[in-house]
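# A closer look at the structure
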Amino acid sequence: MYEDQPLGKLSPHIYAVANAAYRAMLGRRRDQCVVISGESGSGKTESSSYLVHCLTALSQKRYAGGAERTLLGAGPVLEAFGNATTAQNNNSSRFGKFIQLNYLESGVIRGAIIEKYLLEKSRLVCRDENERNYHVFYYLLMGASKEERKEFSLLQPHEYHYLQQEDICFEDDESLTHEFKRLHQAMEMVGFLSSTKKMIFSILSAIMYLGNVAYGTTEEGEVLDVGPDNVLSTLSDLLKVKKERLVSALTKRRAVVSNDTLVLPYLLKEATTARDSMAKSLYSALFDWIVLHINHTLLNRRDMQESVSCLSIGILDIFGFENYQTNSFEQFCINYTTEKLHHYFSQHEEYLSEGISWSTVVYTDNMGCIDMFSKKPTGLFHLLDEESNLPQATDGTLLNKLKQHHKDNALFVATAVMEPAFVIQHFAGRVKYQIKDFREKNMDHMRPDVVLLLRGSERAFLRQLVCSSPVALFRWGILRATIRIIATFNALARERAKEASRRRNSKMTLGEIRKNSRAFDRLSSHSTSLDFSFDRSDEHPLEVFEDIFANYEKRK
Ligand SMILES: Nc1ncnc2c1ncn2[C@@H]1O[C@H](COP(=O)(O)OP(=O)(O)OP(=O)(O)O)[C@@H](O)[C@H]1O
């Protein structure tokens, strides 16, 4: 209905927006972008998936390739790992995303790129009441087969500290089992091999076990021991790291004092923070790797080899304004983003052209608020960075600094002297932010001790997650895998040829020989676009070969 109809002719609909963007891209030969913004639960993610469906359908008329399939699989994978039940929305995206669909000048889809912003890591280790952890944990725990339960040493949900904080009723097992099956399928659609899926599930299991690590302390609060032993053994097995090194990373920190490295025991609070930080870093690195992998599958190989001129339509599905009972650094960043978007909208007032009747929208000029956040040298972000880099600073000193620099700003409202919080008057309303953990969340990097530990893992996949440049390593991994696969093809082809000549006098028919060589031809011509997206040097090349072949057949 909406195809080729000008905006405003029919009643407002997301397909009208898709059609307008598509036509404008082709007609004006200019890239387009659809910005979706709104409160949590208002339908941003649903709208963006309808947009993707419609935009790929419009392109399909012009004979598109396989990018749609990957895109359709990418949705459920990102949703499982990046969405959770919140008080507002039982499928809330806890990250922002930008999907860029690339088109040839003829309007055929050529590939796509997904970019993610700010995954809410804190959710992994604690949440408000009525909120849940990321969907994928529940899917795995309730949907895994007996073999998978054994392989990943899975327990019951209530046995994990990171999951038992909420009062969950698991009577809805069937739908979770169904979601796990759907996740498996979606992972295959984006090109995950079964061995890759296993690595991912092992890491998820390890993250849940990390929450069960408990500490014993001295009277002074220094960490004396860590356990329980079975949890540490399972962790060391799942992560394929040495148990002693794991214990050391969980209980001690290194400090460099006048060129000497001191190893000091953590205090209990520090140790718990180190443990939680390891879980959060692992999950975030895994999420980044998944996005990277999906992008690799979505990227059209020819784009890298030829310079083809492409047009694009971007879809920005970004967090809306958030104002909860407890607001922290995440809401601080999210609300700053909505301020920036609001400013953008106020400069590009185009609602009327869609034919939607409005009582006039009065745009408040929010430049003052944006400056308060980001203007050098005393913008809130700059002060936060300054205070994050001072070793002696605390949340308290940070709050004093913010109050001191912005005491005359009407948009910054100080709270009672003893209250560890501050209030900001946003365009959309007043929000009270708790200062707790602002510095820590702002510094939010993988701890060097954790990096060292995981770099020592026997699992190449884990080593890849923590390397300094995942993109470079990812590409290098592909190149190495390609070379290895080609070498394997050649070796196998030689063996088969020898065998064929041996059998020529006996049983192997000409048809069989042809069939084998066709399989090789087919595989070698596609090998470079298949999935060997991480270093599989710890596996036998033949296993890799079989796996890739099976996956290729399935995807075909
Ligand atoms: N077009 C639609 N048709 C039917 N239901 C919808 C539609 N849009 C949204 N919903 C319902 O509203 C719920 C919330 O939508 P969605 O997850 O897209 O919100 P959101 O704005 O992306 O929220 P968040 O910011 O928390 O991620 C959906 O789970 C669905 O039940």
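The text that follows walks through the structure, step by step, so that each part is easy to find. Predicted model only: the values in this text are computed from it and were never measured.

### Here's the deal with the overall build of the protein chain
Each helix and strand in the protein chain was counted, giving 21 helices and 13 strands. Across the 556 residues in the protein chain, those meeting the buried criterion constitute 48%. The contacts in the protein chain between residues at least 6 apart in sequence include a share of 67% that link residues at least 24 apart. For the protein chain, the accessible surface area stands at approximately 28,100 Å², while carbon and sulfur atoms represent 51% of it.

### Thoughts on the site of the ligand
The environment of the ligand is formed by 13 residues, the closest being Ser-40, Lys-44, Thr-45, Ser-92 and Ser-93. In this structure, Lys-44 approaches the ligand through a side-chain N or O atom, which is 2.8 Å from an oxygen atom. Protein coverage of the free-state accessible area of the ligand, which is 630 Å², stands at 67%. For the shell around the ligand, the elements supplying multiple residues, two or more each, are helix H2 (44-60) and strand S3 (92-93). Top contributing element to the shell around the ligand by residue count: H2, with four residues. Looking at side-chain class alone, the shell around the ligand contains one nonpolar, nine polar and three charged residues.

### Examining the pattern of salt bridges
Close approach of charged atoms lets side chains of opposite charge pair. Counting across every chain of the model gives 19 salt bridges. The partner of Glu-120 in a salt bridge is Arg-94, and the shortest N-O contact between them spans 3.0 Å. In this pair, Glu-120 is assigned in the loop between strand S5 (109-117) and helix H4 (135-143) and Arg-94 in the loop between S3 and strand S4 (96-104), connecting sequence segments 26 residues apart. The exposure class assigned to Glu-120 is buried, which follows from its relative accessible area of 10%. Given a relative accessible area of 3%, Arg-94 falls into the buried group. Residue Lys-401 is joined to Glu-387 by a salt bridge in which the shortest nitrogen-to-oxygen separation is 2.9 Å.

### With respect to the side chain of Thr-338
For Thr-338, the location among the structural elements is in helix H12 (residues 329-347). Residue class for Thr-338 comes out buried when judged on its relative accessible area of 6%. Once residues lying within four places of it in the same chain are set aside, the contact partners of Thr-338 are Phe-319, Gly-320, Phe-321 and Phe-427.

### Brief notes about the packing of H4 against helix H6 (residues 173-189)
Two numbers describe how H4 lies on H6: the axes approach to 8 Å, and their chain directions differ by 105°. With respect to H6, the axis of H4 lies roughly perpendicular. Between H4 and H6, the residues in contact are Val-136, Tyr-138, Tyr-139, Leu-140, Met-142 and Gly-143 and Asp-173, Leu-176, Thr-177, Glu-179, Phe-180 and Leu-183, respectively. Here the residues of the contact of H4 with H6 sort into eight nonpolar, two polar and two charged.

### Brief notes about the sheet that holds S5
Pairing in this open sheet of four strands is mixed, and the strands run S1-S10-S4-S5 from one edge to the other. The outermost strands of the open sheet, each flanked by one partner alone, are strand S1 (32-36) and S5. Between one strand axis and the next, the sheet turns by 15° as a mean value, whatever way the strands run. With eight bridges joining them, S4 and S5 adopt antiparallel strand pairing.

### A short note on unusual backbone geometry
Residue Gly-227 is joined to Pro-228 through a cis peptide bond whose omega torsion reads -10°. Positionally, Pro-228 belongs in the loop between strand S7 (223-227) and helix H8 (229-239). Note that the residue after Lys-376, namely Pro-377, is joined by a cis bond; omega there is 0°. Within the fold, Pro-377 resides in the loop between helix H13 (367-374) and helix H14 (380-388). In this structure, Asp-4 is a non-glycine residue whose phi angle is positive, near 65°. Given the relative accessible area of 52%, Asp-4 is considered exposed. A positive phi is found at Asp-437, a non-glycine position, where the angle reads about 70°. Looking at the element boundaries, Asp-437 is found in the loop between strand S13 (429-434) and helix H16 (438-443).

### Details of the sheet that holds strand S12 (residues 421-426)
Read from one edge of the open sheet, three strands run S11-S12-S13, paired in antiparallel fashion. Each of the sheet's edge strands pairs with one partner strand only, and the pair in question is strand S11 (412-414) and S13. Within this sheet the neighbouring strands show an average axis-to-axis angle of 25°, counted without direction. The pairing of S12 with S13 spans six bridges and is antiparallel.

### Things to note about the environment of Tyr-336
Considering the arrangement of structural elements, one finds Tyr-336 in helix H12. In this structure the C-alpha to C-alpha distance between Tyr-336 and Ile-370, which are 34 residues apart in sequence, comes to 7.2 Å. Discounting residues that sit within four places of it in the chain, Tyr-336 has contacts with Ile-370, Phe-373, Ser-374 and Phe-381. Among the polar contacts made by the side chain of Tyr-336, one reaches the side chain of Ser-374 at a distance of 3.2 Å.

Cut-offs applied
- Residues numbered from 1 in each chain as written.
- Predicted model: local features only at pLDDT ≥ 70, side-chain atom pairs only at ≥ 80, totals over all residues.
- Heavy atoms only, no water.
- Helix = DSSP H or I, 4+ residues; strand = E, 2+ residues; numbered from the N terminus.
- Buried < 20%, exposed > 50% of the residue type's maximum accessible area, 1.4 Å probe, protein only.
- Contact = heavy atoms within 4.5 Å.
- Areas by Shrake-Rupley, 256 points an atom, 1.4 Å probe, with all protein chains shown as cover.
- Near = heavy atom within 4 Å.
- Polar contact = N/O pair within 3.5 Å; in protein donor to acceptor, adjacent residues only side chain to side chain.
- Nonpolar A, V, L, I, M, F, W, Y, C, P; charged D, E, K, R; others polar.
- Salt bridge = Lys/Arg side-chain N within 4 Å of Asp/Glu carboxyl O.
- Axes fitted to C-alpha atoms, helices over the stretch in contact; angles between N-to-C directions.
- Parallel < 35°, antiparallel > 145°, perpendicular 65-115°, else oblique.
- Pairing = 2+ DSSP bridges.

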